[in-house]
Amino acid sequence: MGAAEVSIIYHRTIDKMAALRAEYDEAVKEGVKFLWNSSVTNIVGGEGVRLKSVTVTSGDNSYEMPLDRLILAVGSVPASRIVSTTKGIDVDAKGYVLTRENPYGMTTRKGVFAGGDVTNRPATVVHAMHDAKLVAEGIAKYIDAVKLMESIQ
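Summarised in this report is the structure supplied together with it. (Residues numbered from 1 in each chain as written. Predicted model: local features only at pLDDT ≥ 70, side-chain atom pairs only at ≥ 80, totals over all residues. Heavy atoms only, no water.)

Notes on the overall build of the protein
Rules: Helix and strand labels come from DSSP, where a helix needs a run of H or I of at least four residues and a strand needs a run of E of at least two; each type is numbered from the N terminus. Only protein chains enter the accessibility calculation, which uses a 1.4 Å probe; a residue is then buried when its area is under 20% of its type maximum, exposed when over 50%, and partly exposed in between. Every residue pair with non-hydrogen atoms within 4.5 Å of one another is taken to be in contact. Computed by Shrake-Rupley with a 1.4 Å probe, the accessible areas treat only the displayed protein chains as cover when residues are assessed.
A count of helices and strands for the protein gives three helices and seven strands. Put simply, the protein runs from its N terminus to its C terminus through helices and strands in the order β-α-β-β-β-β-α-β-β-α. Here the protein, with 153 residues, has 24% of them falling under the buried criterion. Looking at the protein alone, contacts between residues at least 24 apart form 35% of all its contacts between residues at least 6 apart. Accessible surface, the protein as shown: approximately 10,800 Å² in total, 55% of it carbon and sulfur.

And the structure:
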(Lines give C-alpha, C1' and ligand atoms only; values in the text may rest on other atoms or scores of the structure.)
Protein backbone atom coordinates (compact mmCIF):
# COMPACT_ATOMS: atom_id res chain seq x y z
CA MET A 1 0.00 0.00 0.00
CA GLY A 2 3.06 2.25 -0.27
CA ALA A 3 3.55 2.79 3.46
CA ALA A 4 6.73 4.53 4.58
CA GLU A 5 6.49 2.81 7.96
CA VAL A 6 4.63 -0.27 9.26
CA SER A 7 4.11 -1.30 12.88
CA ILE A 8 2.47 -4.45 14.18
CA ILE A 9 0.78 -4.09 17.55
CA TYR A 10 0.62 -7.57 19.03
CA HIS A 11 -1.05 -8.66 22.27
CA ARG A 12 1.41 -11.47 23.00
CA THR A 13 5.18 -11.90 23.26
CA ILE A 14 7.42 -12.90 20.37
CA ASP A 15 7.53 -16.44 21.76
CA LYS A 16 3.72 -16.72 21.66
CA MET A 17 3.12 -15.21 18.19
CA ALA A 18 0.98 -17.20 15.79
CA ALA A 19 3.16 -16.37 12.77
CA LEU A 20 6.06 -18.51 11.61
CA ARG A 21 9.45 -17.27 12.74
CA ALA A 22 10.52 -16.98 9.07
CA GLU A 23 7.57 -14.64 8.42
CA TYR A 24 8.60 -12.50 11.39
CA ASP A 25 12.25 -12.43 10.24
CA GLU A 26 11.22 -11.35 6.73
CA ALA A 27 9.00 -8.60 8.13
CA VAL A 28 11.85 -7.29 10.29
CA LYS A 29 14.17 -7.31 7.24
CA GLU A 30 11.61 -5.13 5.44
CA GLY A 31 11.63 -2.66 8.33
CA VAL A 32 8.40 -3.66 10.08
CA LYS A 33 8.38 -2.65 13.76
CA PHE A 34 6.76 -4.90 16.38
CA LEU A 35 5.12 -3.68 19.59
CA TRP A 36 4.84 -6.73 21.87
CA ASN A 37 2.33 -7.19 24.71
CA SER A 38 0.34 -4.26 23.34
CA SER A 39 -3.24 -3.63 22.24
CA VAL A 40 -5.16 -0.96 20.37
CA THR A 41 -7.68 0.34 22.90
CA ASN A 42 -9.09 3.32 20.99
CA ILE A 43 -9.30 4.48 17.38
CA VAL A 44 -9.39 8.25 16.78
CA GLY A 45 -10.85 9.63 13.54
CA GLY A 46 -9.67 12.72 11.75
CA GLU A 47 -11.53 14.75 9.14
CA GLY A 48 -14.13 12.87 7.09
CA VAL A 49 -13.22 9.21 6.79
CA ARG A 50 -9.55 9.69 7.63
CA LEU A 51 -7.89 8.13 10.65
CA LYS A 52 -5.85 10.25 13.02
CA SER A 53 -4.38 7.90 15.62
CA VAL A 54 -4.85 4.90 17.86
CA THR A 55 -4.34 4.55 21.57
CA VAL A 56 -1.84 1.78 22.26
CA THR A 57 -1.88 0.18 25.69
CA SER A 58 0.94 -1.96 27.04
CA GLY A 59 0.66 -2.94 30.68
CA ASP A 60 -0.11 0.22 32.65
CA ASN A 61 1.13 2.54 29.88
CA SER A 62 -0.99 4.09 27.14
CA TYR A 63 0.01 6.47 24.37
CA GLU A 64 -1.31 7.89 21.11
CA MET A 65 0.21 6.59 17.87
CA PRO A 66 -0.51 8.67 14.75
CA LEU A 67 -1.41 6.68 11.62
CA ASP A 68 -2.90 6.83 8.16
CA ARG A 69 -4.22 3.29 7.88
CA LEU A 70 -5.16 0.56 10.33
CA ILE A 71 -5.54 -3.09 9.40
CA LEU A 72 -6.92 -5.30 12.15
CA ALA A 73 -6.00 -8.97 12.21
CA VAL A 74 -8.19 -10.64 14.76
CA GLY A 75 -7.73 -14.38 14.40
CA SER A 76 -9.96 -17.30 13.56
CA VAL A 77 -13.10 -16.55 15.55
CA PRO A 78 -15.54 -13.67 15.26
CA ALA A 79 -14.12 -10.48 16.74
CA SER A 80 -16.79 -10.01 19.37
CA ARG A 81 -14.69 -7.61 21.48
CA ILE A 82 -13.85 -5.35 18.57
CA VAL A 83 -17.37 -5.42 17.20
CA SER A 84 -19.03 -4.88 20.58
CA THR A 85 -16.87 -1.81 21.29
CA THR A 86 -16.97 -0.28 17.79
CA LYS A 87 -20.19 1.38 16.66
CA GLY A 88 -21.56 0.65 13.22
CA ILE A 89 -20.12 -2.81 12.52
CA ASP A 90 -22.97 -5.28 12.12
CA VAL A 91 -22.67 -9.05 12.50
CA ASP A 92 -24.82 -12.01 11.57
CA ALA A 93 -26.55 -14.28 14.09
CA LYS A 94 -23.32 -16.25 14.65
CA GLY A 95 -21.15 -13.19 15.24
CA TYR A 96 -19.43 -13.00 11.86
CA VAL A 97 -18.85 -9.48 10.51
CA LEU A 98 -21.12 -8.50 7.62
CA THR A 99 -19.30 -7.07 4.59
CA ARG A 100 -20.17 -5.66 1.17
CA GLU A 101 -19.22 -6.98 -2.24
CA ASN A 102 -18.47 -3.47 -3.56
CA PRO A 103 -16.09 -2.27 -2.37
CA TYR A 104 -15.19 -5.79 -1.38
CA GLY A 105 -14.82 -6.28 2.35
CA MET A 106 -16.28 -2.98 3.59
CA THR A 107 -18.24 -3.51 6.78
CA THR A 108 -21.46 -1.69 7.59
CA ARG A 109 -19.25 1.07 9.01
CA LYS A 110 -18.04 3.22 6.13
CA GLY A 111 -14.27 2.96 5.65
CA VAL A 112 -13.81 -0.07 7.92
CA PHE A 113 -12.95 -3.33 6.15
CA ALA A 114 -12.84 -6.97 7.25
CA GLY A 115 -12.05 -10.30 5.66
CA GLY A 116 -11.04 -13.87 6.26
CA ASP A 117 -12.14 -15.88 9.26
CA VAL A 118 -13.89 -12.97 10.95
CA THR A 119 -16.34 -12.66 8.03
CA ASN A 120 -17.04 -16.32 7.42
CA ARG A 121 -16.22 -19.71 8.84
CA PRO A 122 -12.54 -20.48 9.47
CA ALA A 123 -10.99 -21.92 6.32
CA THR A 124 -7.61 -22.60 4.82
CA VAL A 125 -4.68 -20.19 4.69
CA VAL A 126 -5.09 -20.13 0.91
CA HIS A 127 -8.68 -18.95 1.30
CA ALA A 128 -7.65 -16.30 3.83
CA MET A 129 -4.88 -15.05 1.52
CA HIS A 130 -7.28 -14.85 -1.41
CA ASP A 131 -9.81 -12.96 0.70
CA ALA A 132 -7.09 -10.62 1.98
CA LYS A 133 -6.12 -9.78 -1.61
CA LEU A 134 -9.75 -8.99 -2.48
CA VAL A 135 -10.13 -6.85 0.66
CA ALA A 136 -6.91 -4.96 -0.20
CA GLU A 137 -8.33 -4.27 -3.67
CA GLY A 138 -11.59 -3.10 -2.05
CA ILE A 139 -9.65 -0.74 0.24
CA ALA A 140 -7.74 0.65 -2.76
CA LYS A 141 -11.00 1.26 -4.67
CA TYR A 142 -12.50 2.97 -1.64
CA ILE A 143 -9.47 5.22 -1.15
CA ASP A 144 -9.48 6.13 -4.85
CA ALA A 145 -13.19 7.01 -4.65
CA VAL A 146 -12.66 9.16 -1.56
CA LYS A 147 -9.76 11.00 -3.25
CA LEU A 148 -11.88 11.56 -6.37
CA MET A 149 -14.75 12.98 -4.32
CA GLU A 150 -12.35 15.27 -2.42
CA SER A 151 -10.88 16.59 -5.69
CA ILE A 152 -14.36 17.45 -6.99
CA GLN A 153 -15.36 19.43 -3.91
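From this point, the discussion proceeds with the structure in view.
Here we look at the pattern of salt bridges
Note the following rule: A carboxyl oxygen of Asp or Glu within 4 Å of a side-chain nitrogen of Lys or Arg is what we treat as a salt bridge.
For the structure on display, the rule yields three salt bridges. A salt bridge links K33 to E5, with the nearest nitrogen and oxygen atoms 3.4 Å apart. Here K33 is found in strand 2 (residues 33–35), whereas its partner E5 is found in the segment before strand 1 (7–9), with 28 residues between them in sequence. The partly exposed category is assigned to K33, whose relative accessible area is 41%. A relative accessible area of 54% means that E5 is categorised as exposed. Between K29 and E26 there is a salt bridge; the shortest N-O distance is 3.6 Å. With K29 and E26 both in helix 1 (residues 21–29), this residue pair falls three residues apart, about one helical turn. Given the relative accessible area of 41%, E26 is considered partly exposed.

Quick word on a nonpolar patch on the surface
Stated precisely, the cut-off is as follows: Here a patch means residues that are over 30% exposed by relative accessible area and free of salt bridges, tied together within 9 Å if like-charged and within 5 Å if nonpolar (Val, Leu, Ile, Met, Phe, Trp, Tyr).
On the surface, a nonpolar cluster with roughly 320 Å² of combined accessible area is contributed by L148, M149 and I152. Structurally, M149 is set in helix 3 (residues 125–152).

So, the pairing of strand 4 (residues 51–58)
Note the following rule: For two strands to be treated as a pair, DSSP must find at least two bridges joining them.
One ladder, built from six bridges, connects strand 3 (residues 39–45) with strand 4; its direction is antiparallel. The partner of S39 across the bridge, within strand 4, is T57. Relative to strand 5 (residues 61–66), strand 4 runs antiparallel, the two sharing six bridges. Counterpart to S58 in the pairing with strand 5 is N61. Hairpin remark: strand 4 followed by strand 5, antiparallel, with two residues in the connecting loop; positive phi at G59, about 65°.

Observations regarding the nonpolar core
So the rule is basically this: Among buried residues, the Ala, Val, Leu, Ile, Met, Phe, Trp, Tyr and Cys ones that are joined through side-chain atoms within 4.5 Å form a nonpolar core.
Membership of the largest hydrophobic core is limited to seven residues, which are M106, F113, V135, I139, Y142, I143 and V146. With five residues, the single largest contributor to this core is helix 3. One finds Y10, M17, Y24 and A27 within the second-largest nonpolar core, a separate group that totals six residues.

Describing unusual backbone geometry
Each neighbour pair has its own omega, and for N102 with P103 the value is -5°, a cis peptide bond. By secondary structure assignment, the location of P103 is in the loop between strand 6 (99–101) and strand 7 (104–107). For N37, which is not glycine, the phi torsion reads 50° and is therefore positive. Looking at the element boundaries, N37 is found in the loop between strand 2 and strand 3.

From the geometry alone we can't say anything about function, so treat these as descriptive.
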